[in-house]
Each structure stands twice: as structure tokens, then as C-alpha cells.
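What follows is each chain in one-letter form.
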Amino acid sequence: MLQIGCPFCGARAQSEFSYERTLDSIVTLEMPANEAVRRLYARANPRGFDEELWRHAFGCRQWLVLHRHRQTHEIASVAAFDPAHR
Amino acid sequence: MSGPSRLPGGPEPTLRFTFDGVPLRGRVGDTLAAALLANGIGLVARSFKYHRPRGILSAGVEEPNALVTVGEGERREPNTRATDVYVYDGLVAHSQNRWPSLAFDLGAVNGLAARFLTAGFYYKTFFGPPSRWLLYERFIRRAAGLGKAPAEPDPDPYEHRSAFCDVLVVGGGPAGIAATRAAVQAGERVLVVEQDLAVREAIDEARVLTRTTASGVWDHGFVTLVQRLVEPGQPPAPGQPAQRLWHVRAGRVVLATGAIERPLTFAWNDRPGVMLSQAVRRYIERFKVLPGQRVVIATNNDDAYATADAIAAAGGSVVAILDSRAEKSAVARIAAHPVHTNAFPISTSGKRHHLRSVEADIGGERTRFEADLLAVSGGFTPVVHLHSQAGGALDWDEAIQAFVPGASRQAVSSVGAAAGDLPPVGIAVADLPDPKASFIDFQNDVTAADIDLAWAEGYRSVEHLKRYTTLGMATDQGKTSNMAALARLASVAGVTIPQAGLTTFRAPFTPVTLGALAGADGGGHAAPNRRLALYDRHQRLAPIWQPLGLWHRPRAYPVAGETLHQAALREARAVRTAAGIVDVSTLAKFAVVGPDAAALLESVCATGVAKLAVGRGRYTFLLREDGMVMDDGTVWRLEENRYLLTSSTGGADRMEAHLSYAHRVLAPHLRVSVVAQQEHFAGIALAGPLAKAILAELTGIAPPAHMGLAQAEIAGVAVLILAASYSGERAFELYAVASDAGAVWDAVEAATRARGGAPYGLEALEFLRIEKGHIVIGAEADGRTTPHDLQLERMLRKSGGFIGAAGLTRPALSAPDRLQLVGLTSETPIPEGAMLVTATGEPVLGHVTSAAGRVLGEGAVALGLLAGGRLRTGERLLATSPTRNQSAHVTVTAPLFYDAEGTRYRDGD
Amino acid sequence: MKRYSALALLKAGLTGQRGWEQAWRDPEPKKSYDIIIIGGGGHGLATAYYLAKVHGLRNIAVLEKGWIGGGNTGRNTTIVRSNYRQKPLHDLFDFALDLWEGMSDALNFNVMFSPRGALFLGHSDGDMTVLAQRGDALRCDGIDADLLTRAQVQKLVPLLDMAPDARFPIHGGLIQRRGGTARHDAVAWGYARAADALGVDVIQKCEVTGFAMTGGRVSGVATTRGPIAAGRVGICVAGNSGPVAAFAGLQLPIEAQTLQAFVTEPVKPMIDTVIMSQSLHCYISQSDKGGIVLGGDPDQFPSYAQRGLPPRIEKAAAEAIALVPALSRLRMVRCWAGTTDMSFDGSPILSALPVDGLYLNGGWCYGGFKATPASGWCYAHVLATGDTHPLAAPFAFDRFARGATIDEAGVGVLPQLR
């Protein structure tokens, strides 16, 4: 049960959040189709840090970016999602 | 006199309990184990495999042997450690895993075959067809298992609670209390948990939970605790739970979890009367019970000498101290007992399941001592489980021959014995002349010979060893067997213990009842019941309720002994010929408001939206990113920049997240807000040829044209009227704020009934929409169908720019043989879900997704998905359901069976 | 390989257990092999066995970074069945079921395959129709599936809460009688022993750290025990598919996710069938030792930690008690968490990769154990011949780009929705 420091709500239990996908798998409507399909179906899936898009679904409902280690679960940073992240 | 007994003096035992039907007495504060020993009972159980007699080895949760069933009937708790239950008045306990009795157990015959039933023997035999294995299994399963579960539901409540603290101290012994005091003085909020009845010393500023075990350490200082408010089998106080599961978030965790004493390995070391030395001391000093009169002590460290002193002080006789060390330590030299160095126990012998003598090897010479108690101490193992669960490393401490906490991954530290603050041990270990009789795991009957065999057969990693022999996999999770096993493995492998390895520590530290894990969610509360705002209105009509996810919606309203089908058909006919009303409150509803509302909707809806005029609505559908139809519904333009999107009940939560994603992540520059309103508005659909007249009468306004909308009042309540039709008749969806909707329902129901109509449920709605070929999310749109598959491609917005457009370009999605939506007709009922084939035994070409009888008229209609179905109109197929023994000959048609021109809802205005 | 049999046990018992051989050798890795399988779990070892047994290839190595069968095969909920709705899945899993039925005899190792039935409960008429559809699809493809009435379900599992107003009322079920359970460890050990006896090198404590490439083609692996050349390399590492494929610069349509399960203390027999539910994710069975084995929802976020979320265990316990109230007083004695290889349509990937000489067998999500023999058989086929086995053809790596996904749950790309 991770503790996630929501920038709007403070430190909250993981059960309030839902994981969406990695930042680099966000597919915008402007992308050409083959690029979109490629991004949709390819993941680095590292046993280390990745940039992840989460939502504080049962809290402020904002979209957040977590820089999180997938083996140790260390959360290096949590920030509100910014389109510049994509 | 021999055997265990209560020491003279002290209060009268006032608590009445029974063991195997025999009435006994215990003192307040006794564990069941202490009380049994006080009553001279040393035989309490039988081991798992060989049904060997088992007594009480320890005085704590590490107990592998003394497993009994406590409680009766619905409160029966099998596999309870007698050392971990405190006696209460009326406690009922029974021994387990024995027949016909504990003293004479036929299962012990397994022991005679022990030489054949070695570790892993079952992998090497029982070959043959699986049906034969099932036969063998019947006997194996009956012999396996320890206690018996109750048959009845659990009557007691359980509870979950949360707690937050700066410091969680696990263990209320001296080290834990010292850590608590220090933290309190530093101004930290402290929570102390202790498995036992009390902590060593109360500290006012700290919160203390007793009879509470720290079960698991998870991520980021999250710790689960299990608190016992009553003992097993005991009913909880009124209004109180039997157990609580705590979810604690701690800033840091201090583990003062102590250490567990290690038994010694020698022949017949599993006999009742062999006990851990510190346990003997505890029984004497705390419970005033002397577990034996003539005692041999076998040890490799100084701690056991305190046990010798305690025994002597209690009036017992220490016959010998067998010290495995070569030289007498300082403590040994001043001991007032016969001490033998270079001394090891070799075997025990017994009579009527109790210890009678101990054979020892003293400097190479064999000697036999008459004794009724053998207290053993092979050193102490720090309890590192929680440290390890938290990801901490373990280091090997040569002096105490144990693993101690090393580098910690989280803010978890260990103090006291748990950190390795323990007496050093002598390293010398005796040869085992009889490994077959030398037990390592007492509960699962795993011997040193089993370990030797596993090694010889190549099961050499500690994980393979464990799994092959089942050692460490009993209810005690190896607390008293892991180190002895590693020592044997190391010896056989010719490596050191740390080189031999260590298995992973996993939650729970001690077993936790499923009831506690479930908390208040057990017994039916595992999923909440979502109730309609208009529930009372429906309940008055005694409907058949239908679950839809967490919701329940009326399926039909049978009257006068009607069956479900009769009611639904009557209701559907009423809709086709007069009018009906149905509760559509559960549909997802979203207010999409702002100058860029249309742009957001067009990014998610695969149909046109932007060209919708104010006051108009249209059908729409949405795709997943991979191009599959995800949801469908309607979109309405209420005002210039205010839209309402409705979509399926089941997809409401998904849609809310989807809209948020589409806005906040994909197009945050859009000036729009989206508000989910599923529960805010109740919805009533009024449908039928008389619907327009009914609505005009109720509202006093001219009802809107098909796919138009209006605002009005019914029974004084503001109502939004959307002229959409799911049933195929002229229809209006009426939305009112949920808390006010009852009055609306009453008025509409009365007006509808007055015209010969009636409320209808989901079953009738199914009949109606199937005839109109309206797809349903979950049936036709099953998450694997594209718009083209569902004959919706003409509605796709040609300009693209919606989620899913890219996914749709993938080549296989336009393959001609894909499952495509078709209609099916038949003279006989078509089984829903049936497979479509050309003839019995031929390959499956598709399936029936939804089926119903015609509402007016004879015969059956259905929707289905058929390979290449768009080009198969007119074909004759068989809809077959082997599981229900039903079938129907069907003809493939267009998916529309009623009012193809749509005249029913255009009334020419 | 010394044959196991009741007679051998008798002899061994009379001679003090002398004469047993090591179940598999502990060989040093050679400099090169025809085929290297990365991953010594059930699937990898089954592959090695069939390469040797069916294709007569001996110059094979299985490289396992830890000890064989240390992942899923070391701890799972043991369920074996083939009753999936989608044809490519039920055809593949049913081929597996055929192989399960003869596995113990073929391997001369009792894997305790127990066809005690795999039962899906239906909690509403809607559920029953969905179950009937699944059953019909199976029956039309020659796979056993029977609908059970409420009364029949009650007879099979007397401890189910049959109250009509239960939160999850029992309307009936769909049973596959040929399905059931098998002893997970035994599968790894049985295949390892049989493959080893046929000359396959099963090499433990040998972690692959990279690929050797020659002219754009994989020509071997780098390991913690030195480089090893190979003609073909098959990745078969379950939850580690991503990191291993990354050595070849590949990204997969897979995300690692944690799944937990747990077992209670052993009790006398109370549940004879494997119980699953059409609506609930909780599943229940009783092992031969007597412990009740339970599982539930996956953790629904990416992780390699093998440490799970307590609420999943709690919810599984709550649902289990709702179905079988008598479970409440039984105690969970051990819970575990594994890393599942979540593919983006929920179905396995068993095919060549876009790098020559490299193959993938992964993406089994949480359903891989039951497919073990078929997975091994089909993987052996493609590694040996270069051609895809017909049963594996639908599970090609490129199906995602083509749009030919096989999505049993119908939820699309994101694994946490599965």
C-alpha cells in the first residue's frame, strides 16, 4: 500500500489512486495512426524507474505523474500532470 | 510422581474448561497450554503425517505441536495453538487429527510405514490415469488436514480500523518499552503492539494494543495488525467485534520482536516431555506450573542455566545439564547442578506417550538419565520476519549462529533480542546416529533423513528442499524448524549456514482468520448494494429485481401469479399498444459545459456532435483507443455551450475516467467542465403511442419532437424531457433531481395506468429493443467489436479526430470474415447465447447475443454476431445450445424487426 | 533416469533409501547449444522436454537465473482448465488438458493432476446465460462443459451459501469436469528430470545479462556464468519478459503486475471442487494437504516487487466468506505475490520476435500454469522447426499491430482493467 504525496491533497494511501499508463504511452489525437498504434502497444516495462500517469480517483481526481521505481516502489517525485510531460 | 503439575500455593483455579470432554480447572491468566500442564496433561495432539503423539514444546506463538480445536459449533476454531489462547470460563477444547482418540490413534499406523513414506514419496508413485489418482486422493485428503472447519456461518462481527503514528513499536517487552519511552520523550506519537496480554510496563503517552500481532509490513510504513478482543471460541461483548484488523501507517517501525529459541536435533526429539528451555522457565515463573519433576537440560548456551535454577527453586530436580560446549562457561562453573560438557542428547525413550528417559553422549560415552522433562536450548533466532518483509537484508552472526537484521530498505529498525542481542552459542553439533528418527519439522514430521534424501536427489536450494520435504510449511511456518533445517542442509552440502541460504519471509507472521481479513465486508457486505432513488416506488409493486453490477433494477412487475415471462410480455405489449414507464435512473449522465464542450465531445464520440442544433439530440457511440466500441448513448445540446451525454449504466465509472482523461490529459487547453450526474438525476422513460398525450396532460406543454428536448414541470418538480426512444415507440426520458423524483413517478405512473399502461422492467425493455435492433453494451458490443462489425460505420465522423480512429486503421479490423451484427428470426424460441452453425457438428460461425419472442405476433427474433454476417442475409442456420439442450432453425436477416421506417416515433409534427 | 514406481519405493524403504539418483544433473554450461531457453519455470522446462522428446534435439540448454520452478510454478493456485470462451484460447488450453491427463505417466513423476472439476458459479440469470454461451462454444468445439442447476451446485459444494437473498445468490454454474488442480512444484521437477534424462542441460544460477548479435541476428547470450552461443534463443521468463526483451532493444505489449494468493492452515476435507465465479474474481479450492487455496483480484498497477496490496487479500477473503461462510474461522497461514506478465489483450504471445533468432513465450497474464504442457509443446515446435504450430498461430507477436487481438475479457489494452 504505497503512500502517494498528492500535490493537492497531501500524503494519501494508494487505494485512493488509480494507475492509468506510462507517460510515453499517451496517444494524442494528432499522432499519425501508425505512431499511435505503436505507442499504444509498446512499453519499456522496466524493473526500475518509470514515469507513470496516475489519477487521484477517490480524492481530488486530478491527474498526477509519478516517478516511481517498480521493484522497490520508491516514489522519487509526484507532480500534477502537465501536457509538457507528454 | 512424574509429569507436569501446578506448583503448590497461589489462588484457586476458578475457570472451568474441558479438554476432550474432561472437565478441568485453570487460573485466570493461564494459557490453555499452562492449564493443561497444570492438570498433568502432557499429550495434546498428533502430528500431521505420522500421527505421532505431540505435547507442548513452547510457551509462545512459535508452537508447532500443541494444536487443538477451541470452541464449538459456529465458533469452532481449529488448529489453535494451545500456547496462544488464554483460558476463559466455559472454554471447550478438543484434540485433532486423531481417531478414535488422542491416546489411541489408528493414524499412527502411518508411522509404521515411515520408511516408505519419506519426503516426496508421493511424487514417485500413484501413477495411472487421472481417475485412479482421484481415488488415491480421496484417502490422502481424508488423512490430511489437521482440524475440522465449522460448517456454520461465523456469528461474530469483525472490524477494520486505521491508525497513524510516528513510531510503531512491535513488542512490549523490555526493549520495546525502552524504545517507546525514548520516542515519547522525543515528542513522537507512538503506537505499541504486543501479542501477549500485557506490555512489560505501561507508558501513558503511548497508545498500547495488547493481544495484537503485527501481521505484515508492506510498503511505505504500512503495517497490518491483528487484534484479538476475545479468545478463540469466546463470544465477543455486545457491540464489539471478535477481532480487529488494523491498517497502520507509521513514520517508522521499531521491531522489538524478540527471539525464538531453537530446539535440538536428535533421535525421538519430538516426544511429549521435550520442551524449549525458556518455555519451561516461563511455565514455572509466570504460570506456576512445573512441566516435569526430574529434568534433564540440554543446551549450547548459558541461558538454560537460569532454567535449571528455576526448576530447582520450584522443587524440581535437575538430573543433569548436558552442555555441548567443550569448556564450562563462567555461568556453568558456578551452577549448583550436575553439569557435563561435551555432552549431547542422543535419543529419548518414553512410556504411554510421555518421556521416561534421555540417552546422552558425554565425551563419547553413552549414559542414560531417567527424566520426565527434557528442556532443550539450541540458541535463539531473532524474529526478523517483519524486517525481511520490509525488504531488509539479513546478516549472519557467527557468535549466536543466527541471521540478524542487516541493512533496512524502509524506516524499520530492530532492537533487543530481535537485533541479535543474544547469548553466544557453542557451535559443536553432534553426529546424528539415527537421522530417520531425528525430527526437524515437528508438525509435518520432516526428519534429518528427509533432508539428506532431498539433497541426494538434487533438491539442494533451500526453496527446493522446503517444497520437496514440506519442512517449514506447517502452521508454525518453520519458526522452530528453519534453522535446524539449514544447519542440516549446510552439513550435508558441506557449506556454512549462510551459504546454504534462507527462504523468504512472508506475511502473516502468525496465521490470521479470514473473518478478520474480511472485516465488516464479510457475510454479504463484500459489495455494496446500490439502490435506486425510486426504490420505494418499485418495491411497492413487488417487482422481480435484477442485479446489474452493484445496482438492482426491476426486471418485471408480475401481477396475479404471472411468471416472469408473462409479466414482461404483458408490459412490452402495453408499451407497443398504449404506454409504459421504466426507471432509467442508472444511466450514466454527464454535463459537458463550456465554449469547447463540442470539441471535447467530438474527441471522444465517434459520431458527429458539433453540428447538433440547440434543443436537439442524437445517438452516439464511443470507441476505445484500439477502435473497439466501448460505450454508446445519446448526446443533447441543451444550450449553446451546454451538452448532456448519457451512456450505459455498467460503463459509468469507466466513462467518467475516460472523459477526464480525454480532457485533462489529451486536451487540457479545452475550456470545458465535465460533471458526472448519474446519481444526481433520476430518470423515467415514458414510451408508447399514448406517451405524447400523457406527457402533454402532465406538463401542459407540447412535448418535444423525436430527438428534441424541453424543460417542464410535473407535479411541481422541474423535469428535463429528452425525446429519445429505446423501445421503438414514441418515447420521452424525464429527468428530475433524484430526491424529488418520487412525485414525478407517482404522477406519471397514475396517468399511465389511467390510460391502460403500466410500469415495465428490464425484461420487457429487452423484448422491445431487440425488435428494434438496438445494441447493448456487453451483449452485441462485447468489447471485441468495431463500429463496422455493428453496422454503425455510416455514423462514423468522416473528419476523424476521435479516440479510436487510429486503432481502427489496423488491417485485421476490416477483414470480411469478422463477427458482424445480424438479425435472426425463427418460428421457435431462439436460445440466447447459442452458437450459430450450419448444422450440428459443423464449425461455429457465430453466436446469438440477444433473443426474445416478438412482442406483437408470433415467432422469435434475435440479434447475433456471425462471421461475415453482412453478406449472409437469407441464409438458414442452426442456433444450438448443447448445454441447455435447446436449438432453433434461424434465418439471417437485417438486425431490425419492427417499424423499419421508424414511423412509430415520428408523429408528423 | 531411475524409474519411479511403487516397487522402487518399496525397495528403497527396505534398503534405507539408497539408490535414488539426483533428479537432474547440475552441469556446467557448454560454450554453445543449438537452442537456449531462457527461464527454468514450468513453461521453459516443458519446452526443453518436448524439444528432446518430440523433436529429438539434445543440444539444448535451459538457463535459469535462480532455482528452477522458482516463480509461478513455485507457488500458484494450481487450477487447470480449458473452459475459455475464445476459440483460440480454448483450443490451446484443451490441448494442454489432454497432455495433463497423461503427464505423470509420460514424465514418470506424479504431478498429481486431479480432475476434480472446475466450476464457475452464476449469480443471476444474466450470469447463467453468459455461462451457457461459454459452455455452448466449448461443447460445439468438442470440449466438455455442463450447466448445473442450483441443486446440482449445492450437492457439489454443500458449504456454499444457498440463501436466495445472499449477496451473491447461487443460480447455478458451469462445470468442466475434466478440469481441476495439479501440484505446481511437481510440474517443474517432473519436466526438468525428464528433460535432463534426455540430455538437456538444465543450468541453474545462470542469469542472462544480454544478447550476442551477429549480423543483426541473435547468436547467443551473455550470462553470469560466461557467454554461450546458440542457434536460436527462446525467452520464457514470465514476469521478466520486459527486462529480458530489452536486452535486444525490444519493447513488448506487456506490463508486469502483481498477483497475490494465499492458503489457510490445513483442515479436513470440506471443498472437493475448484470454485470460481462469473461475477467475482475470487476463486477457492482445497489442496490435498488440506489448506484452502484462495485468490482474487490482481493489484492493478505495474510492479516487480512481489509484495502485494493488503486490500486485495482482504477483498478475496470477504468474497470467499460470502460464498462459503464456513471459511471465516480458518486462518490464512501464508500469502504470496508473484509478477504476472500482462499482455495487452490478455492472451499469451508465443512467436518469433522482430529480431532474427529470438523468440518469445510470455504474456500469459495470470493463466499460464494450466497451459504449461501446450505452451511447452508449441514453443518447442517453433524453436525446433522455425514454423509456428497451428495452435500457437493466433498468438503471434504482430497481432497487436494488425488488429487481430484475442481478448477474452473484452477490456482492451490497459492491463489493470483485466
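Residues numbered from 1 in each chain as written. Chains lettered and ligands numbered in written order. Predicted model: local features only at pLDDT ≥ 70, side-chain atom pairs only at ≥ 80, totals over all residues. Heavy atoms only, no water.

Colleague: It is not clear to me how a nonpolar patch on the surface should be interpreted in this structure. Could you clarify?
Modeller: Residue and element names in this part refer to chain B. Nonpolar side chains collect at one region of the surface, where W99, F104 and L106 lie side by side and expose about 390 Å² of accessible area between them. With respect to the helices and strands, the residue F104 is situated in the loop between β8 (91–95) and α2 (109–112). On the accessibility criterion, F104 (55% relative accessible area) is exposed. (Patch = residues over 30% accessible without salt bridge, like charges linked within 9 Å, V, L, I, M, F, W, Y side chains within 5 Å. Areas by Shrake-Rupley, 256 points an atom, 1.4 Å probe, with all protein chains shown as cover. Salt bridge = Lys/Arg side-chain N within 4 Å of Asp/Glu carboxyl O. Helix = DSSP H or I, 4+ residues; strand = E, 2+ residues; numbered from the N terminus. Buried < 20%, exposed > 50% of the residue type's maximum accessible area, 1.4 Å probe, protein only.)

Colleague: Teacher, can you tell me more about the domain arrangement of chain B here?
Modeller: Reports often express the size of an interface as the amount of accessible area lost when the parts come together. Here chain B is partitioned into domain 1 (5–115), domain 2 (156–257 + 380–422), domain 3 (535–585 + 680–768), domain 4 (588–676) and domain 5 (810–905). Spacing between the C-alpha centres of domain 2 of chain B and domain 4 of chain B amounts to 51 Å. (Domains from an automatic or database assignment.)

Colleague: Please explain the packing of helix α2 (residues 42–53) of chain C against helix α9 (residues 372–385) of chain C as it appears in this structure.
Modeller: Two measures define how a pair of helices packs: the angle their axes make with one another and the distance between the axes. Residue and element names in this part refer to chain C. It is the contact of α2 with α9, at a shortest axis distance of 7 Å, that shows an interaxial angle of 55 degrees. As the angle between them shows, α2 and α9 are arranged oblique. Pair α2 / α9 crosses with right-handed handedness. When α2 is examined against α9, the residues G42, H43, A46, T47, Y50 and L51 are found in contact with a partner set consisting of T372, P373, S375, G376, W377, Y379, A380, L383 and A384. (Axes fitted to C-alpha atoms, helices over the stretch in contact; angles between N-to-C directions. Parallel < 35°, antiparallel > 145°, perpendicular 65-115°, else oblique. Left-handed = near helix turned anticlockwise from the far one by under 90°. Contact = heavy atoms within 4.5 Å.)

Colleague: Would you take a moment to explain the packing of aromatic side chains for this structure?
Modeller: Where two aromatic rings form a pair, the distance of their centres and the angle of their planes describe that pair. Counting across every chain of the model gives 33 aromatic pairs over all chains. A centroid spacing of 6.2 Å and a plane angle of 70 degrees characterise the contact between C:F93 and C:W364, whose relative ring orientation is edge-to-face. Of this pair, C:F93 sits in helix α3 (residues 87–107) while C:W364 sits in the loop between β18 (358–362) and α9, and the two are 271 residues apart along the sequence. Each of the two residues, C:F93 as well as C:W364, counts as buried. Its guanidinium or amino end placed over the ring of B:Y898, B:R576 lies 3.7 Å from that ring's centre, counting from NZ or CZ. (Phe/Tyr/Trp six-rings, centres within 6.5 Å; stacked < 30°, edge-to-face > 60°. Lys NZ or Arg CZ within 6 Å of the ring centre and 35° of its normal.)

Colleague: Help me out: how do you make sense of the interface of chain B and chain C in this one?
Modeller: Each side of the interface is counted separately: chain B has 114 residues, and chain C has 105 residues. In this assembly, chain B packs against chain C so that about 9,000 Å² is buried in total across both faces, 57% of it on carbon and sulfur atoms. Per-residue buried area on chain B facing chain C is highest for B:Y123, B:R141 and B:L514; these three make up 9% of the total on that side. Viewed at the interface, chain C and chain B are joined by 10 salt bridges. Counting the contacts that link chain B with chain C gives 57 residue pairs in polar contact (both at pLDDT 80 or more). Ranked by the residues each element gives to the side of chain B that touches chain C, the list is headed by helix α3 (residues 130–143) of chain B, at eight residues. (Buried area = accessible area lost by both parts, 1.4 Å probe. Polar contact = N/O pair within 3.5 Å; in protein donor to acceptor, adjacent residues only side chain to side chain.)

Colleague: Explain the interface of chain A and chain C here, please?
Modeller: Counting from both sides, the interface comprises 23 residues of chain A and, opposite them, 27 residues of chain C. Interface area for chain A against chain C, summed over the two sides, is near 2,100 Å², with a carbon-plus-sulfur share of 54%. Among the residues of chain A in contact with chain C, A:Y41, A:N45 and A:R47 are the three that bury the most area, contributing 33% of the side total. Linking chain A to chain C there are two salt bridges. Put simply, A:R43 and C:E255 hold a salt bridge, and the shortest N to O gap is 3.9 Å. At the junction of chain A and chain C, the tally comes to 11 residue pairs in polar contact (both at pLDDT 80 or more). Residue assignment for the side of chain A that touches chain C shows that the elements contributing at least two residues are β3 (18–22), α1 (33–41) and β4 (49–55) of chain A. It is β3(A) that provides the largest number of residues to the side of chain A that touches chain C, a total of four residues.

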